[in-house]
Amino acid sequence: MTVLQGAAAVTPKPRRSVGRGLWRALRGNRKAMAGSVILLIFLVISAFPGLFTSVSDPNALAFPPRLGPSSGHLLGTTGLGQDVYSQLIYGTRQSLIIAVVAGFFATVLSVLIGVSAAYLGGVMDDLLSMLTNVALVIPAFPLIVILAKYAGHGSLTVLLVVLVVTGWAYGANQMRAQALSLRNRDFLESARVRGERRAYIIVFEVLPTMTSLIVANFLGAALYSVLSAAGLQFLGLGDPNSSSWGTMLYWAQNQQALQTGAPLWSIAPGLCVALLGVAFALMNYAFDEIGNPALRPVKAKERKVRAAVAAKAAAAGPPEAVVSQDIALQDAADTDAPLLQVRGLTVEYATARGSSVAVAGVDLDVRRGEFLGVVGESGCGKSTLLFAIARLLSAPASTTSGSVTFKGSNLVAMTEKQLNVLRWRDYSVVMQSAMNALNPVRTIGAQFKDAIEAHADYGSEKIRERSVEVLQLVGIDPVHLKSYPHQLSGGMRQRAMIAMALLFTPDLVIMDEPTSALDVVAQRSLMVQIKELQQLLGFAVIFVTHDMSLVSRFSDRLVVMYAGQVVETGPTRTVFDTPSHPYSKGLLDAFPSIHGERVELKGIPGSPPDLGNPPSGCRFNPRCPVVQERCRSQEPELYQIGELGQVKARCLLLTPDNEPQESRSLEVNS
Amino acid sequence: MKHVLRRGGFFLLTLWAALTLNFFIPRFMPGDPVNALRDRTRGKVSEATLQQMLSSFGFKPNQNLGQQYLDYLGNMLSGHWGISIGQALGEPVTSIIGQALPWTLGLVGITTVLAFGLGTLIGVVAGWKRGGRLDAILPPLFVVTSALPYFWVALLLILMFSVWTGGLLPSDFNYDTSLVPGLSPGFIGSVLQHAVLPAATLLITSIGGWILTMRNNMITTLAEDYVRMGRAKGLPARKVMYGYAARNAFLPNLSGFAMSLGFVISGAILIEYVFNYPGLGYLLYSAVQNVDYPLMQTLFMLFTVAVLVAVLICDLATAWLDPRVRAKE
């Protein structure tokens, strides 16, 4: 990619797309819709109050006081003889004006101060942040009460100024945080390189990307203003002659509406304040959900797919498959059967668009003490496969068919309770990044202790002994039992996690790219150490990685995955020296060989397919360099190849009846 | 250490800012406080007493503003808060506040901590059972309750549990005035009875926020690798939920708690007003109504101090619970 292309690629046109995306997201959010409908109704009422009531002066004392609701007075009359309903209608305007105007100016102030703090940096940032924090801590409402009193029975303007002055700080803090996080993003960098002025960058590049936060902020400030203003007016600190819900509440309270049989006088305007507040709160929360999709409620459609997937999953593992709570594990001496036997394992993700198959009928075996490498690009289902084997999937993913037979028992059919007996004692897991996989607020020792206590009744002395032992195994000073994860270096954390996995010397350790967070030198030394430990303790390893050269020296057998399927499997050496599947070949070409001669590195063009909608025929066909017509329609199976049948590959060109010349031409062509 | 100094500086600065606002607002707002005072006290006190009151309030028109300001700061910080010039004319501000403080601490303090604890717990369970029935109902429900005006909820409760039910629960004052205050069961019962409705109001309006933020934190935390690791280790579900997920999800809520105290105070003012509950909030209302400057000033300072103390406590709690924060100090 040339420099010019790069600049073009990282300079988005955020203005329209952001607005449109936001709109679409809002339309799909039920809370946002409910909020907007309420707001819209109030807007119409405030614009045309005359349409909703025939009373032209709602404050005139035109009727008998304290009438109950009737057709003439929908909500009765006040203690002073006004129509409650028409007062409500005419009061709408002021409440809306307060919400919108105070919300707007408070937001402007938030953006101004927050973004300036982030962009000016240095002393200005310190000062503005300090100002914001001080303003945040000083209790606003008592201040408003005092200010409103000093300012005399407040006109609307005074009220608005007071609300803005006390309402900007919370937003300013958020604006600053987001602006700071945006500061070094590519598209801003490119704008700076283009030589745009700072003001231009802020207005045209930064603010559009902050739209969602700014709108959410406006809604929050509006909510705050509505409630505060109503509270103030209720206390009698507003203009007692104005037409507003808060003023109605003041008079109602003043005249003891509740106690004198006119509850609607007081309850109805309160309900209006509440409704307007709820409208802003719902929309505000909807923006939170749009910004963080994980918070969204599970949609009905997705719920249906989940239920369907769950039903399949239940069928895959009928509870009666496990006869009793005690799992009869195979004897360790029985070495004929593989330690782990995975058959037809299928994992589906439930999404709103339907279910998507991330792992499709995978078979694999792991023998005792064996080192099995699982390789493939990101997004091909390797990690999902691992977690399915370990039974660690969580919604929306679940295992929908197949079996995982570990030491003679089917894990897929086990309940969480039964699994907890096996976990860590018989098989353990090492994850990609120990920084994330270790609990940040507990010491290494405490986390070891948790694991031990869950499975054994050791005394505290023996727990300590064992913890020291495993740490020493991986070459970490036992003083670090008292350390927290953040106090260790990346390599040490990773070793500590491996040590934790060995607490009970399990038969199987499942490793998900345990070295990918480390630099190359640390990677190598960790690999060597894992291999040594394996030879010392005799556990089997399933090792997932995208780096084929990493496993070449360490694994006994390889499984190559593509688009949720196994495309090739066999002894590591054989697969390395003579890759059968075009994808394996491509993967090998994408990494430099340490020992081999220097060859030009080639990637595989394109990217793995969308698993919700995989290509028909061979899943690799759109990217395959030697694709044939039949590959697009005919789905290949795993074919045995080679004299010993040790290697299996999923490629139509390797079918037993295929002509040998063709298979040879594959190697030449690619 | 640097962190501690920074925080200390921040507290002093905030306190100073609040006190300064307090000093300058009456002096720069339209309307002359002295005349207002003179009007209020006309006929009740002699000119000499008025002068004395004014000077105790720190208002010495002949002195320069800087000197007045310094005197005022000294008085505020040393507890020389002057005497009331409002309803309780002539009574020292300290004793007025001393009478009201326990009621607010008891009612608002306990209810706030209760709402925080209960809300956090419900949020943990709702987030843990993500996608369940509870999780489908709770968020929209509590978005609504957290946006309700305090005073309106109070009025509704009074209507339902006091007016319509013929005074089932009292809606006025902090205890039955026919009783003699003391440690008698009757008096304590009366106090509790009078606290039910105001406490319920505060609980209903403030618990939603805690439930929502805790649920959302929980959901974010549940996606973390260390939670999956807890499961992988075969730990009991309860241990994963509390020791691994909730323990981490709770941390951001703590700093939120301190910041929310400002809202709690606004709630206290409105709720105590509606229920005529003689705590600090009600006192502020009546001080404002009666233009009682010394009382107003002191109350505002105390509210600020309350928030600052809460921030400090939450700072300490966060440092205690989060080793990464400790490392920074």
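Computed from a prediction, not measured in an experiment: that's the story for all the values here. (Residues numbered from 1 in each chain as written. Chains lettered and ligands numbered in written order. Predicted model: local features only at pLDDT ≥ 70, side-chain atom pairs only at ≥ 80, totals over all residues.)

Trainee: Go over the overall build of chain B, please, and point to the residues and values.
Mentor: Secondary structure assignment for chain B yields 13 helices and zero strands. Scanning chain B from its N terminus toward the C terminus, one meets helices and strands in the order α-α-α-α-α-α-α-α-α-α-α-α-α. The buried share of chain B, reckoned over its 329 residues, is 45%. Considering only contacts in chain B between residues 6 or more positions apart, those separated by 24 or more positions represent 73%. (Helix = DSSP H or I, 4+ residues; strand = E, 2+ residues; numbered from the N terminus. Buried ≥ 20, exposed ≤ 12 C-beta atoms within 10 Å, placed from the backbone. Contact = placed C-beta atoms within 7 Å.)

Trainee: Help me get a handle on the interface of chain A and chain B, residues and values and all.
Mentor: Contacts between chain A and chain B engage 63 residues on the former and 69 residues on the latter. Every element with two or more residues in the side of chain A that touches chain B is listed here: helix 5 (122-137), helix 6 (140-150), helix 11 (211-234), helix 13 (263-291), helix 17 (434-437) and helix 18 (444-455) of chain A. If you tally residues by element for the side of chain A that touches chain B, the top one is helix 13 of chain A, at 11 residues. Considered class by class, the residues forming the side of chain A that touches chain B number 46 nonpolar, 13 polar and four charged. (Nonpolar A, V, L, I, M, F, W, Y, C, P; charged D, E, K, R; others polar.)

Trainee: So what's going on with the pairing of strand 10 (residues 565-571) of chain A? Residues and values would help.
Mentor: All names here are of chain A. The element strand 10 is extensively covered by neighbouring structure, given that six of its seven residues are classed as buried. Two elements, strand 9 (residues 557-562) and strand 10, share six bridges in a ladder whose sense is antiparallel. Its bridge partner lying in strand 10, V560 is registered against E568. Between strand 9 and strand 10, which pair antiparallel in sequence order, lie two residues; one of them, A563, sits at a positive phi of approximately 50 degrees. For strand 10 and strand 12 (residues 647-649), the ladder comprises two bridges, and the chain directions are antiparallel. (Pairing = 2+ DSSP bridges.)

Trainee: Residues and numbers for the nonpolar core, please.
Mentor: The nonpolar side chains of soluble globular proteins are, as a tendency, buried together. If you look at the biggest cluster of nonpolar residues, it comprises 273 residues, and the most contacted ones within it are A:V145 and A:V226. Sequence-distant contacts of A:V226, defined by excluding residues within four places in its chain, comprise A:S95, A:I98, A:A99, A:V273, A:L276, A:G277 and A:F280. (Core = buried A, V, L, I, M, F, W, Y, C linked by C-beta atoms within 7 Å.)

Trainee: Account for the pairing of strand 6 (residues 427-430) of chain A, with residues named and values stated.
Mentor: Residues and elements named next belong to chain A. Side chains Y427 and V429 of strand 6 all project onto a buried face; the interleaved residues S428 and V430 project onto the opposite face, where all are buried too. In the sheet, strand 6 pairs with strand 7 (residues 508-512) via four bridges, with the strands oriented parallel. Along strand 7, the bridge assignment pairs S428 with V509.

Trainee: Residue-level account of unusual backbone geometry, with values.
Mentor: All names here are of chain A. Of note, the phi angle at Q256 is positive, near 55 degrees, even though the residue is not glycine. Positive phi outside glycine occurs at R391, with the angle close to 60 degrees. For R391, the position within the fold is in the loop between helix 15 (382-389) and strand 4 (397-406).

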